[in-house]
Amino acid sequence: RKAVRIAHNRLMDRLNSFISRGRYGSALQENIITVRDGRYVIPVRAEARGLIRGIVHDTSASGHTLFVEPFDVVELNNRWREQQLAETHEIERILDMLSGKVGDQREAIERLIEAVAAIDLALAKARLAAVMEANRPALHEPAGGRRQDDGRSHPTHRVRLENARHPLLDPARVVPISLELGESFRVLLITGPNTGGKTVALKTVGLLTLMAQTGLFIPADDTSVVSVFSAVYVDIGDEQSIEQSLSTFSSHITNMVRMLGQVTPDSLVLLDEVGAGTDPQEGSALARALMSSLLDRGALVMATTHYSEVKAFAYATPGVENASVEFDIATLSPTYRLMVGIPGRSNALAIAGRLGMPAPIVEEARALLDPGDGRTEQLIEQIRQRRDDITEQLRAAQQAEEETRALRRRAAQSIREADIIRRNARDEAIAEVEAELTTAREAIRELERTRARDTTARPERVVSSEAVEIAEREIRLAQRRKKTSAAAPVLQSRRPLRRGDLVTIVSLDQKGEVLSVDGNEAEIQMGSLKLRQPVDNLERIGRARQESSPQRTIAPASAETVPIEIDLRGYRAEEIAPILERYIHDAYLSGLPWVRIIHGKGTGALRHVVREELRDHPVVERSAAAGSTEGGEGATVAHLRQG
């Protein structure tokens, strides 16, 4: 390139000398240098051609100017062109060398391109999902054939779409649809008015199924479920062709014939206006026969129709269900809501009137309708209205249930906070008592030392050994209370005390049985003594044993030897509660993580009592039926709270 620049500069210098020298001035048309055929030339007047010897490369349109390359610059022009060609060859050589180096890394580059393409595809999918506000559906994989309502065995393909939207419609304006196909029925027939959204529903199901099979998120709730089909067959739209002599009806039939030769139980079939385009009676008969054939083949099918006979066919045939797109008679406009289980009305006369059909014609057409059809339509409308009422009641019930759950959570939180406050208050009280007793102990020791040094001390300053023993006993009692409170902070029952409850008298650190409860006081049997105590001074730890059957009472071992399981078979239901309460109490204090309660299967009465007692027990974290190798429904495993 440096040589090119040098050759070019020399060439331009020589040409400039021709222009600047006065003796050639009269021969030049203009004092400029131009290019013709890739070579530098100067414009010479035709009549002065003999003054400048050279090669003529071009002439002007008028013929008055010749573009001449003087012989003095031919060699310089040649040199410049040679250097340009040399530059081109060098560029080609360098590119060839670099291409060879790239070719040596072909496999690595191909892998890189594939990786970049995969990343680009994944990123495009993610961006598309964000734009469509899409979610990842669950993929349902058939577990083999199973019996359906029609008595045949088919793969368990399923499609369940919740609040699904057509991917090409504006998410802010589209009315979502929800439907399920393949669980209780495999053929869904959608009826309703024109412009009501039947075809959009078909396209939505087909597009979302294919989107999921290509790894795309779908514009539906994340609770949606789709299957992977081997093929999706679609007949939507009008394929008329003058060239092929195809009418609307014949084009549909041609598509269906091609489908029937390929449909399998792993197929999804979507048909729009099945049987349309011909005589209504023959068209409805053909539609019913086609639905029966597809049902026999085991495919999942969605189809739209206006035929009343096809609606009746869906009612009478197991595995086939009606659906409709809603139409608001008050506004004479569709709502685009899809309702499964209810057939729809075509509302052709209402739509014709809304689109401008003269009222007399519409009224005359309504008078020509079969009265039986009118009663059927009224019945369908009543069913739809009742369904809307039930849906509204269900929504209100669900809202009330959510509010109840929230109240329960707040109540449980309040109970936990109150329990924490109670335990903290008790700990503070015990710590205060301990501090006072420690001070008293130090005072007693000081008095003892004083008495030992001064045998003549006054009587009122002499402390007896009994007083010392009483103080020591109070200290030990306070320590036991603290230990008991820390070890079992949740043993206090949430329900009020009642006759027969076993309780701990906190201030005395003694156990007793509740004989009666009167307001805030309870009468307690403690050994041979009866005494009255405030309810706040009592902690419930279980139920007393039944006196009617002392021979069946189980006394669990001490906390150090509590067994991991207890067998309650052979006992009456009313005997279970106190036995189970005592056993759970001892198991908790012994630190067992879980226990197994054997109650047998039988009538289920013992199992019901055991699980009711465990469900709200304060020290039971959770309970469930034992494993199949551990008794199954004949035993219950209770996991105890730790710490």
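As a reminder, the structure under discussion sits directly above these lines.
Residues numbered from 1 in each chain as written. Predicted model: local features only at pLDDT ≥ 70, side-chain atom pairs only at ≥ 80, totals over all residues. Heavy atoms only, no water.

Draft legend 1. Inspection of the overall build of the chain at higher detail. A count of helices and strands for the chain gives 13 helices and 25 strands. Within the chain, the proportion of its 643 residues that are buried is 35%. Carbon and sulfur atoms form 53% of the exposed surface of the chain, whose accessible area is close to 37600 Å². (Helix = DSSP H or I, 4+ residues; strand = E, 2+ residues; numbered from the N terminus. Buried < 20%, exposed > 50% of the residue type's maximum accessible area, 1.4 Å probe, protein only. Areas by Shrake-Rupley, 256 points an atom, 1.4 Å probe, with all protein chains shown as cover.)

Draft legend 2. Structural view of a nonpolar patch on the surface. There is a patch of nonpolar side chains on the surface, built from I91, I94, L95, M97 and L98 and spanning about 400 Å² of accessible area. As for its placement among the helices and strands, I91 is situated in helix α2 (residues 71–104). With relative accessibility at 33%, the residue I91 sits in the partly exposed group. (Patch = residues over 30% accessible without salt bridge, like charges linked within 9 Å, V, L, I, M, F, W, Y side chains within 5 Å. Salt bridge = Lys/Arg side-chain N within 4 Å of Asp/Glu carboxyl O.)

Draft legend 3. Region of interest: the packing of aromatic side chains. Counted according to the given criterion, the structure contains one aromatic pair. Judged by centre distance (5.0 Å) and plane angle (40°), the ring pair of Y40 and W80 falls under tilted. Here the residue Y40 occupies a position in strand β2 (residues 39–45), and W80 occupies one in helix α2, the gap between them amounting to 40 residues. On the basis of relative accessible area, Y40 is assigned to the buried category, the value being 14%. Sitting over the face of the ring of F67, R36 holds its NZ or CZ atom 4.1 Å from the ring centroid. (Phe/Tyr/Trp six-rings, centres within 6.5 Å; stacked < 30°, edge-to-face > 60°. Lys NZ or Arg CZ within 6 Å of the ring centre and 35° of its normal.)

Draft legend 4. Structural view of the sheet that holds strand β18 (residues 510–518). Taking strand neighbours across the sheet as the criterion, the five strands line up as β20-β19-β18-β17-β21 in an open arrangement whose pairing is antiparallel. The sheet is open, and its two borders are formed by β20 (529–534) and β21 (538–543), each paired with just one other strand. If you compare each strand with its neighbour and ignore which way they point, the axes differ by 40° on average. Direction of pairing for strand β17 (residues 501–505) relative to β18: antiparallel, over a ladder of four bridges. Following the sheet pairing, V503 is matched in β18 by G512. (Pairing = 2+ DSSP bridges. Axes fitted to C-alpha atoms, helices over the stretch in contact; angles between N-to-C directions.)

Draft legend 5. Representation of the nonpolar core in the model. Residues L161, L181, I190 and M302 are the most contacted members of the largest nonpolar core, which totals 29 residues. Of all the secondary structure elements, the ones that give two or more residues to this core are α3 (106–132), β8 (159–164), β9 (177–181), β10 (187–191), α4 (198–213), β13 (267–271), β14 (300–304) and β15 (320–328). With six residues, the single largest contributor to this core is α4. If we ignore the near neighbours within four places in the chain, the residues touching L161 are I177, S178, L179, V205, L208, I218, S224 and V226. Residues V187, M256, V263 and V269 belong to the second largest nonpolar core, which totals 23 residues. (Core = buried A, V, L, I, M, F, W, Y, C linked by side-chain atoms within 4.5 Å. Contact = heavy atoms within 4.5 Å.)

Draft legend 6. Quick look at the sheet that holds strand β25 (residues 635–640). In spatial order, the strands read β22-β23-β25-β24; together these four strands make up an open sheet with mixed pairing. On the outer flanks of this sheet lie β22 (565–567) and β24 (620–625), each paired with one strand and no other. Sheet twist, expressed as the mean angle between neighbouring strand axes with direction ignored, is 20°. When β22 meets strand β23 (residues 594–598), the two strands line up parallel, connected through three bridges. Of the residues in β23, the one forming a bridge with E565 is R596.

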